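Each chain, letter by letter, is given below.
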Amino acid sequence: MEVTNVTEYQAIAKEKLPKMVYDYYASGAEDQWTLEENRNAFARILFRPRILIDVSKIDMTTTILGFKISMPIMIAPTAMQKMAHPDGEYATARAASSAGTIMTLSSWATSSVEEVASTGPGIRFFQLYVYKDRNVVAQLVRRAERAGFKAIALTVDTPRLGRREADIKNRFTLPPFLTLKNFEGLDLGKMDEANDSGLASYVAGQIDRTLSWKDVKWLQTITTMPILVKGVITAEDTRLAIQAGAAGIIVSNHGARQLDYVPSTIMALEEVVKAAQGRVPVFLDGGVRRGTDVFKALALGASGIFIGRPVVFSLAAEGEAGVRKVLQMLREEFELTMALSGCTSLREITRDHIVTEWDAPRARPAPRL
């Protein structure tokens, strides 16, 4: 079957992957309402395209934290990618590099920061979970910096792991032939089988529940890398993140894997953008499956988006070639959306190009009699 859009990779991945692995990647928390809503909310935003504009040349390039990339579509951190394909994070890193965009490596990767750096040049960010042992955190941040990573994406919505019932049913644990490579050789306990989810038990044992805004400041004392705060969905936390020195904000609900019944990220985006007041860039992850979704996020004020599940599903289906194809399909769809909306560069994408259900009705001129 020829794959013609990003979503089709999910069905292929479901056939190819062991149930425990597929469910881990695909599922959300509890009733999975937010998981559905992350997708469905995009469908409730409609376009107001402008016509008769010369769109023979379209520029999708942008600059993120000073780094020029080919398009505002980047790769989100997703854990344990070697469960999807033997090349795991290596394949993702090479695909991102060849597409001229940014890859974010998960703390819980099955390839280390040094191994990913060894795949060749590329702009890479490092996603950080803060462990109880701060020496481990400091060591990891320094290793990422030495390996050439350019920013830290600090995940702030996971003091405890959300209740993912598929993982509980499957007694999820990392397959025995894989390890969390960034923590190899450190005495941090293993992700063993537990009475519920092995990952949830591991998080309960290792991740620091006392994490607070002062830790965002502490991180700035141990690294020169800019810090993106990942997991913000309210105006209040946006203002606090900026006060704490964040270089940017990622509007994220953790792929709907933490607290269920939070709004979709596309619905939370505008509130965050307004609170940021242009002081720092705001990014979005969660639910992006089409180039039209990318356009809608930018129209609501995002500086770029990150994709997660499409990467692991395409990786499972076709390895590096799958991830390349996902990035290419989203790029082509986004370019087409820009053309059909009458936009030739990212700065031309405005709030007036879309209409949402919370917009006030537009005043219509009264007809003349």
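Check the entry above for the structure.
Residues numbered from 1 in each chain as written. Predicted model: local features only at pLDDT ≥ 70, side-chain atom pairs only at ≥ 80, totals over all residues. Heavy atoms only, no water.

Looking now at the packing of aromatic side chains. Any two aromatic rings considered together are summarised by their centre-to-centre distance and by the angle between their planes. Scanning all chains against the criterion turns up nine aromatic pairs. Ring centres of Tyr24 and Tyr25 lie 5.7 Å apart, and the angle between their planes is 55°; this geometry places the pair in the tilted category. Judged on exposure class, the residue Tyr24 and its partner Tyr25 are both buried. Ring centres of Phe47 and Phe295 lie 5.5 Å apart, and the angle between their planes is 80°; on these two criteria the pair is classed as edge-to-face. Of this pair, Phe47 sits in strand 1 (residues 46–47) while Phe295 sits in helix 12 (residues 291–299), and the two are 248 residues apart along the sequence. Geometry around Trp218 places Arg134 over its ring, the cationic atom sitting 5.2 Å from the centre. (Phe/Tyr/Trp six-rings, centres within 6.5 Å; stacked < 30°, edge-to-face > 60°. Buried < 20%, exposed > 50% of the residue type's maximum accessible area, 1.4 Å probe, protein only. Helix = DSSP H or I, 4+ residues; strand = E, 2+ residues; numbered from the N terminus. Lys NZ or Arg CZ within 6 Å of the ring centre and 35° of its normal.)

On to the pairing of strand 6 (residues 124–128), then. In terms of residue burial, strand 6 counts as a mostly covered element, since five of its five residues are buried. Burial along strand 6 is two-sided: the face carrying Arg124, Phe126 and Leu128 and the face carrying Phe125 and Gln127 are both buried. As judged from the three bridges shared by strand 5 (residues 103–105) and strand 6, these two strands associate in the parallel manner. Within strand 6, the residue paired with Thr104 across the bridge is Phe125. Two strands pair when backbone bridges link them, and strand 6 and strand 7 (residues 151–155) are joined in this way by four bridges, in the parallel orientation. Bridge assignment links Phe125 to a residue of strand 7, and that residue is Ala151. (Pairing = 2+ DSSP bridges.)

This paragraph deals with the pattern of salt bridges. What the rule picks out here adds up to 17 salt bridges. The partner of Glu270 in a salt bridge is Arg351, with the nearest N and O atoms 2.6 Å apart. Of the two residues, Glu270 is situated in helix 11 (residues 265–276) and Arg351 in the loop between helix 13 (309–341) and strand 12 (354–355); the sequence distance between them amounts to 81 residues. Here Glu270 falls in the buried class, since its relative accessible area comes to 11%. Residue class for Arg351 comes out partly exposed when judged on its relative accessible area of 22%. Beyond isolated ion pairs, a larger network of salt bridges with shared partners links Asp87, Arg94, Glu320 and Arg324. (Salt bridge = Lys/Arg side-chain N within 4 Å of Asp/Glu carboxyl O.)

Quick look at the packing of helix 6 (residues 134–146) against helix 9 (residues 213–222) now. It is the contact of helix 6 with helix 9, at a shortest axis distance of 10 Å, that shows an interaxial angle of 50°. In this view, helix 6 runs oblique relative to helix 9, as classed from their interaxial angle. The handedness of the crossing between helix 6 and helix 9 comes out as right-handed. Facing helix 6, whose interface residues are Arg134, Val137, Ala138, Val141, Arg142 and Glu145, helix 9 presents Asp215, Trp218, Leu219 and Ile222. (Axes fitted to C-alpha atoms, helices over the stretch in contact; angles between N-to-C directions. Parallel < 35°, antiparallel > 145°, perpendicular 65-115°, else oblique. Left-handed = near helix turned anticlockwise from the far one by under 90°. Contact = heavy atoms within 4.5 Å.)

Negative phi values dominate among residues other than glycine, just as trans dominates among peptide bonds. If you check the backbone angles, Leu65 has positive phi at about 50° while not being a glycine. Mapped onto the secondary structure, Leu65 falls in the loop between strand 2 (62–64) and strand 3 (67–69). In this structure Leu65 comes out as partly exposed when scored by relative accessible area, which is 26%. One non-glycine residue, Gln277, lies in positive phi territory at about 50°. Note that Gln277 resides in the loop between helix 11 and strand 10 (282–285). Given a relative accessible area of 61%, Gln277 falls into the exposed group.

With that out of the way, let us pick up the environment of Ala29. Structurally, the position occupied by Ala29 is in the loop between helix 2 (19–26) and helix 3 (33–43). Overall, the relative accessible area of 0% leaves Ala29 in the buried class. Expressed as a C-alpha distance, the spacing of Ala29 and Gly255, which sit 226 residues apart in the sequence, is 9.2 Å. In this view, Ala29 contacts Arg163, Ala256, Arg257, Gln258 and Asp260; residues no more than four positions away in its chain are not counted.

Our next topic: helix 12. A large share of helix 12 lies buried, amounting to eight of its nine residues. Positioned one or two residues after helix 12, Gly301 has a phi angle of 110°, which is positive.

The next subject is the pairing of strand 9 (residues 248–251). Because side chains alternate across strand 9, one face comprises the buried residues Gly248 and Ile250, and the other comprises Ile249 and Val251, equally buried. Relative to strand 9, strand 8 (residues 227–232) runs parallel, the two being bridged by four bridges. Residue Lys230 lies in a different strand from strand 9, and its bridge partner there is Ile250. As for the winding sense of the linkage, the β-α-β connection from strand 8 through helix 10 (residues 235–243) to strand 9 is right-handed. (Right-handed = clockwise from strand over helix to strand, strands pointing away.)

Note that Val137 resides in helix 6. Taking the C-alpha atoms as reference points, Val137 and Gly308, separated by 171 residues in sequence, lie 24 Å from one another. Here Val137 is in contact with Leu128, Val130, Tyr131, Trp218 and Leu219, once residues within four sequence places are set aside.

By themselves, these observations are geometric and do not establish any function.
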